[in-house]
Amino acid sequence: MPSSSMLLYALLTALAVWGHPHDLHQRATPQVYSSCINPNDIALTFDDGPYDFLRDISDQFTAAGAKATFFFNGNNFDCIYSDTRVADVQYAYAAGHMVASHTWSHADLATLTSDQVVDAMYRSEEFLSRIVGVRPAFMRPPFGSYNEAVQTAAAGRGQSLALWDYDTGDADGATPAQSKAIYDSVISNNANTALILEHETQETTANTLVPYALNLFKSKGYKLVTLAECLGVDAYQAVGVPQQRTVRLPYHFCRI
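By the naming in an unreviewed UniProt entry, the chain goes by Carbohydrate esterase family 4 protein and is assigned to Mycena pura. The heading Subcellular location (unreviewed entry) in the UniProt record of the chain holds the text "Cell membrane". The record in UniProt for the chain states the following under Cofactor (unreviewed entry): "Co(2+)".

Below, the structure written as C-alpha cells:
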C-alpha cells in the first residue's frame with residue numbers, strides 16, 4: 001500500500017498540473033523586476049518561443065557553462081503542445097535553463113479584460129506543468145505592457161513580473177551590429193548587472209548575437225545566470241513531474 005508521503009506527493013503533483021484557473025489565493029501586489037540584483041550577474045533572456053533555434057541557443061549556453069532564461073508562449077510562432085515543441089522545452093529544461101511564462105498567445109495584456117488576463121496566464125501555467133512539471137514564479141508580459149488588472153492577476157497566480165533594462169531590439173528590426181552595440185554598452189557603462197531582452201525566434205540571434213554575448217561577457221568576468229539566480233529567488237512556485245506522454249497533450253488548444 002502506498003505510504004502517506006507518496007500519496008501526498010501524488011496529490012501535490014496533480015494539483016500543480018490540474019489546478020483550476022481560480023484556485024490560488026490572492027497575494028500582495030507582485031514584485032516587478034526590471035534589473036538584476038546580485039552583483040556581476042548577467043541574465044540573458046529569450047522571448048516568444050519555443051521555436052526552431054531553442055536547442056541551438058541552449059547548447060551554446062551549456063557549452064559556455066552558462067544558463068539562459070526562456071519565456072515561452074503557448075501559441076505564438078508555433079504550438080507548444082506539438083511533439084517537436086514539447087521535446088524542445090523538455091530539452092532546455094533538462095539542460096538546467098530556466099523556463100517561465102510569456103502568456104498563451106502573446107496578446108497585449110493591458111488591452112484584455114481581467115478574466116482574459118487570468119486565462120492567458122493560467123494556460124501558460126498549464127503547459128509548463130504538463131510539459132516539465134513546474135509552476136512558474138515569473139511572467140513576462142508581452143511588449144512589457146501591464147496595468148493594475150495584470151498586476152492583480154499576477155498576484156492571484158503568485159507570480160512576479162519580469163521586465164528588462166537592456167533590449168537588443170533583435171525582434172524590432174535592429175541589425176546585428178545595432179544589437180551588439182547594446183551588449184557593448186553594458187561594458188562601456190561599467191554596469192554591475194544586466195537583464196537583457198532577446199528573442200529565440202530570430203535566426204541571427206542564435207547564430208550571431210548569442211555567441212557574441214557569451215564571449216564578450218565571459219571575457220569581462222561576468223557570471224551568465226538565470227533571471228532567478230540574478231535576483232536570488234526561486235524560479236518556480238512548485239516542481240513536480242510532467243504529465244505522462246501516454247495521455248495525449250491538448251494540441252487542439254492551439255486552435256482555440
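The structure having been displayed, the exposition proceeds.
1. Some words on the pattern of salt bridges
Per the stated rule, a full pass over the model turns up 9 salt bridges. When the shortest N-O distance is used, the salt bridge between Asp78 and Arg85 registers 2.8 Å. You can call Arg85 buried: its relative accessible area is 6%. Shared partners join several salt bridges into a network, and the residues in it are Asp52, Arg55, Asp78, Arg85 and Asp88.

2. Things to note about helix α3 (residues 83–94)
Across its 12 residues, α3 extends 16 Å between first and last C-alpha, which sits within 8% of the 16 Å expected from 1.5 Å per residue. Buried within α3 are the following residues: Arg85, Val86, Asp88, Val89 and Ala92. Looking straight down α3, one finds that the buried residues subtend no more than 160° of arc, so they occupy a single side. With respect to the buried face of α3, the exposed residues turned more than 90 degrees away are Asp83 and Ala94. Contact partners of the buried residues in α3: α2 (54–63), β3 (69–72) and α4 (114–132).

3. Digging into the pairing of β3
Every second residue of β3 is oriented toward a common face, with Thr69 and Phe71 on one face and Phe70 and Phe72 on the other, all of them buried. Here strand β2 (residues 41–49) pairs with β3 via 4 bridges, running parallel. Looking at β3, one finds that Asp47 is bridged to Phe71. For the crossover from β2 across α2 to β3, the handedness is right-handed. Two elements, β3 and strand β4 (residues 98–101), share 4 bridges in a ladder whose sense is parallel. Each residue of the ladder has a partner; that of Phe71, found in β4, is Ala100. Read from β3 through α3 to β4, the crossover connection turns out right-handed.

Thresholds, definitions, all that
- Residue numbering note: each chain is counted from 1, following its sequence as written.
- In keeping with the model being predicted, local features are shown solely for residues with a pLDDT of at least 70 and side-chain atom pairs are shown and tallied solely at 80 or more, while totals for entire chains, interfaces and linings include all residues.
- To get the side-chain values, all heavy atoms of the structure are used, and hydrogens and water are removed first.
- UniProt positions are given in the numbering used here, feature names are shortened, and annotations may be inferred rather than shown by experiment.
- What makes a salt bridge here is a side-chain nitrogen of Lys or Arg within 4 Å of a carboxyl oxygen of Asp or Glu, nothing more.
- Think of it in three bands: with a 1.4 Å probe and only protein chains considered, a residue is buried below 20% of the maximum accessible area for its type, exposed above 50%, and partly exposed in between.
- Helix and strand definitions follow DSSP, with helices as H or I runs of at least four residues and strands as E runs of at least two, each counted in order from the N terminus.
- To estimate how far a helix should reach, multiply one less than its number of residues by 1.5 Å.
- Comment: arc refers to directions from the helix axis out to C-beta atoms.
- The contact definition used throughout considers only heavy atoms, calling two residues in contact when any of these lie within 4.5 Å.
- When DSSP locates at least two bridges between a pair of strands, those strands are taken to pair.
- Handedness of a crossover: with both strands directed away from the viewer, a clockwise path from the first strand across the helix to the second marks it as right-handed.

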